[in-house]
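Notes for the structure review
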Amino acid sequence: MIKLNFETLTPLHISNGNQLAYNLEYIITTDDENNEYVAKLNMLLASKIMAKENLFNFYENYNFNKIIKIIENKKNIFNSDMFLYQIYAVDSFSNYLRNENRNGKKFIQEFINVNGNFYVPGSSIKGVLTTILNRDPNKNPLGINPNNPKILDKFVITDSNFIGPENFSVDIANRPPPINLITLDPGVKFTSSIRKLGNVSITNLRDKLSTYSFMQMNKAVKFVQKFKDMERTPKGATAYYTVLENLSNKLNLH
């Protein structure tokens, strides 16, 4: 077995395909220091307390905005026992949420989890590694050699350990169109394991990861350089170029 140790360098988002609706599936809570959090509701428990408090008259028709307002005004009926998790909301997201003109933009793309237990899927890790390591299947291949497949060459990468919600944030990805994301923070460490060795070699793994990272970083730098040279004053391209340089230095990709 090979143990893999990872640390995030930038915010990381891996979607489970769900979008959380404001004041329907999540509410905003505040701690004693006025920090704001996104709290995902346990819908079964939340529905019970809403019925008990008679928040809704089932003979009446409600539109989306009216439901949101009712829950916003009565959200103090929910306590932490009714939350699947609470995630820190950065100021930009909180301000965005309070903008009354953003009624249709308050959904959050959820990070993959099981009942509030967040993790990085082994399939995502394996996909990254096999893309890098199987680029030339005729030279020290990882996994199955398509030219000479053998069942014994298979390997399994486990999901990561569970990662606590305190390691996540809700922020806005400022790309057109903007989208609200739950992201794993930079500097968070997690582990995974390769259960069967197959053709996996630690030396091969390190060498190919280093070579691939160097090649991809160079491609990114060359792409951004074209736009940086067009700027009369430092703007977005310069910022991207600086980030890439710092990342390359941190990873010692030279």
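Residues numbered from 1 in each chain as written. Predicted model: local features only at pLDDT ≥ 70, side-chain atom pairs only at ≥ 80, totals over all residues. Heavy atoms only, no water.

When helices and strands are tallied, the protein chain shows six helices and eleven strands. Buried residues in the protein chain amount to 37% of all 254 residues. Here the analysis covers contacts within the protein chain between residues at least 6 apart in sequence; of these, 72% occur between residues at least 24 apart. By element, 51% of the accessible surface of the protein chain is carried by carbon and sulfur atoms, the whole surface being about 15,800 Å². (Helix = DSSP H or I, 4+ residues; strand = E, 2+ residues; numbered from the N terminus. Buried < 20%, exposed > 50% of the residue type's maximum accessible area, 1.4 Å probe, protein only. Contact = heavy atoms within 4.5 Å. Areas by Shrake-Rupley, 256 points an atom, 1.4 Å probe, with all protein chains shown as cover.)

This part takes up the confidence of the model for the protein chain. For the protein chain, per-residue confidence averages 83 on the pLDDT scale, and 84% of positions sit at 70 or higher. Looking across the protein chain, the model is least confident in helix 4 (residues 122-133), with a mean pLDDT of 78, and most confident in strand 8 (residues 117-118), with 96. (pLDDT = per-residue confidence, 0-100.)

The next subject is the sheet that holds strand 2 (residues 15-20). Ordered in space as 2-6-10-9-5-4-3, the seven strands form an open sheet in which the pairing is mixed. Whereas interior strands pair on both sides, the edge strands pair on one side only; in this sheet they are strand 2 and strand 3 (26-30). Mean inter-strand twist for the sheet, computed between neighbouring axes without regard to direction, equals 35°. In this structure, strand 2 lies alongside strand 6 (residues 108-111), joined through three bridges in antiparallel fashion. Within strand 6, the position partnered with Ser15 by the bridge is Phe111. Most of the contacts of helix 3 (residues 91-98) go to strand 9 (residues 168-173), to which it runs at about 60°, and overall it touches strand 3, strand 4 (36-41), strand 5 (83-89), strand 6, strand 9 and strand 10 (179-184). (Pairing = 2+ DSSP bridges. Axes fitted to C-alpha atoms, helices over the stretch in contact; angles between N-to-C directions.)

Once that is clear, we can look at helix 2 (residues 64-73). Three- or four-residue spacings in an α-helix give side chains the same orientation, since the helix completes a turn every 3.6 residues. Within the sequence span of helix 2, burial applies to Ile68, Ile70 and Ile71. For helix 2, the angular spread of buried residues about the axis comes to 165°, placing them on one side. The inward-facing, buried residues of helix 2 abut strand 3 and helix 1 (43-52). The backbone nitrogen of Asn65 lies 3.3 Å from a side-chain oxygen of the residue at the head of helix 2, namely Asn63. (Arc of directions from axis to C-beta. Polar contact = N/O pair within 3.5 Å; in protein donor to acceptor, adjacent residues only side chain to side chain.)

Attention now goes to the pairing of strand 5. Summarising the sheet, strand 4 and strand 5 pair through five bridges and their orientation is antiparallel. Considered in strand 5, the bridge of Val38 is made with Ile87. For strand 5 and strand 9, the ladder comprises two bridges, and the chain directions are parallel. Note that in strand 9 the partner of Ala89 across the bridge is Val170.

Applying the stated criterion to the full structure yields nine aromatic pairs. Each ring, one from Phe111 and one from Phe118, has its centre 6.2 Å from the other, and the planes form 65°; the classification is edge-to-face. Taken together, the ring pairs connect Tyr85, Phe111, Phe118 and Phe168 into an aromatic cluster. Note that Lys228 overlies the ring of Tyr241, its terminal NZ or CZ placed 5.1 Å from the centroid. (Phe/Tyr/Trp six-rings, centres within 6.5 Å; stacked < 30°, edge-to-face > 60°. Lys NZ or Arg CZ within 6 Å of the ring centre and 35° of its normal.)

With two bridges joining them, strand 6 and strand 10 adopt parallel strand pairing. Considered in strand 10, the bridge of Ile108 is made with Asn180.

Here we take up the pattern of salt bridges. In total, this model carries three salt bridges according to the counting rule given. Across the pair Glu60 and Lys66 runs a salt bridge whose closest N-O atoms are separated by 2.6 Å. The exposure class assigned to Glu60 is partly exposed, which follows from its relative accessible area of 35%. The salt bridge partner of Glu72 is Lys75, with a shortest N-O separation of 3.7 Å. (Salt bridge = Lys/Arg side-chain N within 4 Å of Asp/Glu carboxyl O.)

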